[in-house]
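# Understanding the architecture of this molecule
Each chain is listed here by its residues.
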Amino acid sequence: SSGAALAATGGETTQLVRSSSDFIGPGETQVQAAALSEAAKAIKMRNAQPSHCVTTFDRNRLPTNERGLLVFTAPPILHELPEQMQSWNNALRGRGRFVVFTDDPETRRVCREHDIPVVCVQHVDEKLPRADKMFEKMHNLQTSGITGYVNSDVALEKPDLFLDFMKFIGDRDFSLERRAVPGQVYRDFVSTGVKTEDWFAVVVRTDVSLKGERSLHNIGGYDFWCWNRRPGGPPLLPVSIPPFRFPFGTYDNWVLDMMIQSGQRAVIDATAAVGIVHHEHKRVGGAETWYDALNKGVTGVFINRYLGHNEPRNSTIMHYWRFGTPPECPYVVIVHDPQGSEPGFGVAQRRYWSDTPEELLVQEGCYAFAENDPDHLRPTFMGCTRLSKVEGTTRYLQRTLSVLPLGLPSTPILGSHSRAVRAAAARWRYNLAMMLKNHATADRFVLLTAVNYDYRGHLSNFICNLQRTGMRDHYLVAALDADIYEWGVLNGLPVYMPDVVMKMIRENAKGHGAADEAKPEGYGSSVFKAATKLKSRTVLEILHAGYSVVFSDVDVTWFVHPFDALSFFMKSGNSIAIQSNAPYVQTTSTGSDSARPHASVGVVKTDIPAGVRRLNSGLYVAPCTPLVVAAFEEIVAHAAKTSLSEQPTFYDIMCAGERTVDSCTYKPGHLVEPTTQKALVKAGLASAGLKVYLLDRFQYPNGAVLVGKDNENVYVLGKEKFEGATGKELYAAHNNWILGKDRKIQRQKYRGWWFLEAGDEQSCKFRQAAPSPLLTPPPAPLPSQLPELSSLHEHTTPVSLPSHTPPRTPW
């Protein structure tokens, strides 16, 4: 009744007008009906062309003769299959499998047409895959056999030779001695006498210039690598791979350098056994080389260089300047009669840990013949300029690349004389202006969330959730402290630091935004309240920049693309749509304790959606219009003067005028900034009203919406049962009305809405689908007979390998 609704306001004098629905049942108002219709159209259109990534690779569904050899690649967006990729797909079919890393719908279409399975993998905000996640998936997806990677612009020129070599090196009896690196580069490898079945092989390509000239690519990189995986075998590396951007430079040299120094696997230069070619083209941003891109300030290239010279931390090994190249491999493959019908393979040892041939080491004074033994070289410790240059430059890079150009007082740009550091700072992409330019929609909308370092796990899960709905772009992360900003930058999130947070840090105030909900008493604390007030200020900053915002807390789970669900309100212009935080209790006859959203909070009673201070500032749509800007200016100004969190302020400002059961009307007040006030007067809106609609709480339930005979929320019932109880499609659920960060995680995991791999706060659980059936029958399996191993394997006295301390992983 009307009286009951008024009683729910606590005797407040604000006028309360009944709407066409009291929002107690599943019926909807005219606005809600229009919003539902618009959302249904948008969802139907997206479902017709799904944009979420689905992994179609499943090793267990491959024919047996294809499981032992998997070769992956990560191409740019494809519209047709390039000849280079086709050469690998043709060679491997029936003998192995060619697999593509991608999150792009068009590339997945091309792969589907050619029956190439795809694997979804984390991407960074530059729309590039993360190299560490690629290595992780390649290693885990191959349970027994060989796994490899080839750059997508490299063709396989000698498929028969390649397949023969894979058969040779993949034999169970293949083993080599583990060789340790010496204490300095350009010195002899150290024999251990310990055999290993585990290996890692790399291949240098042949370059073909625009004129057709061919030459070996001997300037540092490699374009194909592979390793073996066996049950009970070791991980790929004993140290964590940093979150390198792929294919930006440094990652490959770092991986190979760590592989050689760790000594865990026998590392082999297999260039002679695999014929691959690469036709000349320009790299990112028109740069001729990665070094050129670095000095032009390409952010991702700089971050890769930073990671390469700072990781692994707290370890006995480090990445040396210009090292991690195929000539440094302790072993090299020799091919006997490569043009013959049955080529043979051998593996020889290299003497020196060196990127330089022996004759040049002698010329430059690193080695000399002993006076009493003119047939044998010995190392010299004086006059080896190459050694001093490598060690000196490595120390210089470690010093000048010891910090990122984040612009924080605590992280000054040390070594700012470095051209690369200055260039990176000048073109730094992790600021609001660049984030809006790179990630806003054509209609200038972004989805924004704001988070501190303690909630990084929730943030990762939230991003994985968005990607599962098909939202691969158009979202931003406002960093509420310095730690989450650096963490987000390193991991390639679309992150920036709001001006208000930067200012608070510079003033050395308590501006790190640490809302400690890890402890129950954290919620409602002064620190928590201060943190919540930063969120509306970040939204206002974006509105002032001329962009519109859909704001969502990281503890909101989305079941459809947010922009589809909210499309009506995003287009409506002069209104705000916001979630209600009001409880709803369907059954009142089951006892007073039945209406408890969670054991950590108290019993609740039904309140109307627009009840007193029931607006939820964790989910709303804020279009960039003069009245919306004015409303947020007043919210920010009002919140600064109160000891409460920002949520009550939303109600106090937006519902100060007329209020119905499910809406409010905002009218500009005295806290509007002068510039905006002038704009309102000019537009004739100084006395106009802004409609504030409460989102349907059965489609956007909070944690205190309790339905069914047992009064259970969506986290107890699950999506299907909740929809059955309400008769409405569920769009998003807010994990609130519960105390404690860990409890929130527990609840989401219980319901199956935690989308991170177990034990990993970075790896998304992507959707999995069965691959399409084979289009053609596989060729006959390869012959089982193998060439003999080379007699060049040595057996020498064992020595201890370098010890390693567990690395610190800041990402």
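Analysis parameters
- Residues numbered from 1 in each chain as written.
- Predicted model: local features only at pLDDT ≥ 70, side-chain atom pairs only at ≥ 80, totals over all residues.
- Heavy atoms only, no water.
- Helix = DSSP H or I, 4+ residues; strand = E, 2+ residues; numbered from the N terminus.
- Buried < 20%, exposed > 50% of the residue type's maximum accessible area, 1.4 Å probe, protein only.
- Contact = heavy atoms within 4.5 Å.
- Areas by Shrake-Rupley, 256 points an atom, 1.4 Å probe, with all protein chains shown as cover.
- Phe/Tyr/Trp six-rings, centres within 6.5 Å; stacked < 30°, edge-to-face > 60°.
- Lys NZ or Arg CZ within 6 Å of the ring centre and 35° of its normal.
- Core = buried A, V, L, I, M, F, W, Y, C linked by side-chain atoms within 4.5 Å.
- Disulfide = S-S within 2.5 Å.
- Pairing = 2+ DSSP bridges.
- Axes fitted to C-alpha atoms, helices over the stretch in contact; angles between N-to-C directions.
- 1 Å grid on protein atoms, 1.4 Å probe; cavity = no way out; pocket = protein on both sides within 12 Å on 5 of 7 lines; lining within 4 Å.
- Points joined across faces, edges and corners; volume = space filled by probe spheres on them.
- Nonpolar A, V, L, I, M, F, W, Y, C, P; charged D, E, K, R; others polar.
- Salt bridge = Lys/Arg side-chain N within 4 Å of Asp/Glu carboxyl O.
- pLDDT = per-residue confidence, 0-100.

## What to know about the overall build of the chain
- In terms of regular secondary structure, the chain is built from 25 helices and 33 strands.
- Relative to its full complement of 811 residues, the chain shows a buried share of 57%.
- Long-range contacts, defined here as pairs at least 24 residues apart, represent 75% of the contacts in the chain between residues at least 6 apart.
- Of the accessible surface of the chain, which amounts to about 33,400 Å², a share of 52% is contributed by carbon and sulfur atoms.

## Things to note about the packing of aromatic side chains
- Under the definition given, this model contains 36 aromatic pairs.
- Their ring planes at 20 degrees and their centres at 5.6 Å tell us that Phe-168 and Phe-345 sit as a pair that is stacked. Linking Phe-168 in helix α6 (residues 159-169) with Phe-345 in strand β17 (residues 344-349), this pair joins segments that are 177 residues apart in sequence.
- Since its relative accessible area comes to 2%, Phe-168 is described here as buried.
- For Phe-345, a relative accessible area of 1% translates into the label buried.
- Through a chain of ring-to-ring contacts, three or more aromatic side chains come together here, namely Phe-135, Tyr-149, Phe-200, Tyr-222, Trp-225, Trp-227, Phe-246 and Tyr-251.
- In this structure, Arg-187 is placed above the aromatic ring of Tyr-367, and the distance from its NZ or CZ to the ring centre is 6.0 Å.
- Just above the ring of Tyr-547 sits the side chain of Arg-444; from NZ or CZ to the centre is 3.9 Å.

## Quick notes on the nonpolar core
- Residues Phe-200, Trp-225, Tyr-485, Trp-558 and Phe-632 are the most contacted members of the largest nonpolar core, which totals 162 residues.
- Once residues lying within four places of it in the same chain are set aside, the contact partners of Phe-200 are Trp-225, Cys-226, Trp-227, Leu-236, Val-255, Leu-256, Met-259, Arg-265, Ala-266, Val-267 and Ile-268.
- If you look at the next biggest cluster of nonpolar residues, it comprises 43 residues, including Leu-69, Phe-162, Ile-268 and Tyr-331.

## Details of the state of the cysteines
- Scanning all chains against the criterion turns up four disulfides.
- Residue Cys-464 pairs covalently with Cys-764 via a disulfide, S to S 1.9 Å. Here the S-S torsion is close to -80 degrees, and the disulfide linking Cys-464 with Cys-764 is therefore left-handed. With Cys-464 in helix α14 (residues 456-468) and Cys-764 in the loop between α25 (741-751) and β33 (767-768), this residue pair connects regions lying 300 residues apart in the sequence.
- Taking the relative accessible area as the measure of exposure, Cys-764 reaches 2% and is therefore buried.
- Between the sulfur atoms of Cys-655 and its disulfide partner Cys-664 the distance amounts to 2.0 Å.

## Side note on unusual backbone geometry
- Pro-247 follows Phe-246 through a cis peptide bond whose omega is 10 degrees.
- Position of Pro-247 among the secondary structure elements: in the loop between β13 (224-229) and α7 (251-262).
- For the peptide bond that leads from Glu-311 to Pro-312, omega is 0 degrees, which places it in the cis range.
- Here Pro-312 is to be found in the loop between α9 (299-308) and β16 (331-336).
- Unlike most non-glycine residues, Thr-250 shows phi in positive territory, near 90 degrees.
- Structurally, Thr-250 can be placed in the loop between β13 and α7.
- Overall, the relative accessible area of 11% leaves Thr-250 in the buried class.

## With respect to the environment of Ala-368
- Structurally, Ala-368 is set in strand β18 (residues 367-370).
- As for Ala-368 and Thr-380, which are separated by 12 residues in sequence, their C-alpha atoms are 6.6 Å apart.

## Concerning the sheet that holds strand β12 (residues 214-216)
- Pairing is mixed across the open sheet formed by four strands, whose spatial order is β7-β15-β11-β12. On the outer flanks of this sheet lie β7 (154-156) and β12, each paired with one strand and no other. Across the sheet, the mean angle separating the axes of adjacent strands is 30 degrees when strand polarity is ignored.
- Packed on one face of the sheet, helix α3 (residues 83-92) meets β7 and β15 (276-279) and runs near 30 degrees to β7.

## Focus: empty space enclosed by the protein
- For the structure on display, the rule yields three cavities of 30 Å³ or more.
- One number sums up the size of the largest cavity: a volume of about 40 Å³.
- Forming the boundary of the largest cavity are Gln-32, Ala-35, Leu-36, Ala-565, Phe-569, Leu-695, Gln-699, Tyr-700 and Tyr-731.
- Among the residues forming the lining of the largest cavity, the class breakdown is seven nonpolar, two polar and no charged.
- In this structure, the second largest cavity occupies an estimated 40 Å³ of space.
- Together, Arg-178, Arg-179, Ile-260, Gly-263, Arg-265, Ala-266, Val-267, Pro-330 and Tyr-331 line the second largest cavity.
- Contributions of two or more residues to the lining of the second largest cavity are made by β8 (176-180) and β14 (266-269).
- Looking at side-chain class alone, the lining of the second largest cavity contains five nonpolar, one polar and three charged residues.

## Some remarks on the pattern of salt bridges
- Throughout the structure, instances matching the rule amount to 31 salt bridges.
- Here Asp-473 makes a salt bridge to Lys-127, at a shortest N to O gap of 3.1 Å. Highlighted residues: Asp-473 in the loop between α14 and β21 (475-479) and Lys-127 in the loop between β5 (118-119) and α5 (131-141), separated in sequence by 346 residues.
- Since its relative accessible area comes to 16%, Asp-473 is described here as buried.
- Lys-296 serves as the salt-bridge partner of Asp-292, at 3.8 Å between the closest nitrogen and oxygen.

## A few points about the sheet that holds strand β10 (residues 199-203)
- Ordered in space as β5-β4-β3-β6-β13-β10-β14-β16-β17, the nine strands form an open sheet in which the pairing is mixed. Every other strand in the sheet has two partners, leaving β5 and β17 as the edge strands with one partner each.
- Bridge count between strand β6 (residues 145-150) and β13: six bridges; the pairing is antiparallel. Paired with Val-150 across the two strands is Phe-224, which belongs to β13.
- Across the face of the sheet, α3 comes into contact with β3 (69-73), β4 (97-101), β6 and β13 while running at roughly 140 degrees to β4.
- Set on the sheet, α7 makes contact with β10, β13 and β14; between it and β10 the angle comes to about 145 degrees.

## Quick look at the confidence of the model for the chain
- In the predicted model, the chain carries a mean pLDDT of 85, and 85% of its residues have values of at least 70.
- Note on residues 509-521: pLDDT is under 50 here. Beyond four places in sequence and across chains, it has 33 contacts.
- Across residues 771-811 the pLDDT falls below 50, and counting only partners more than four positions away or on other chains, this stretch makes 97 contacts in the model.

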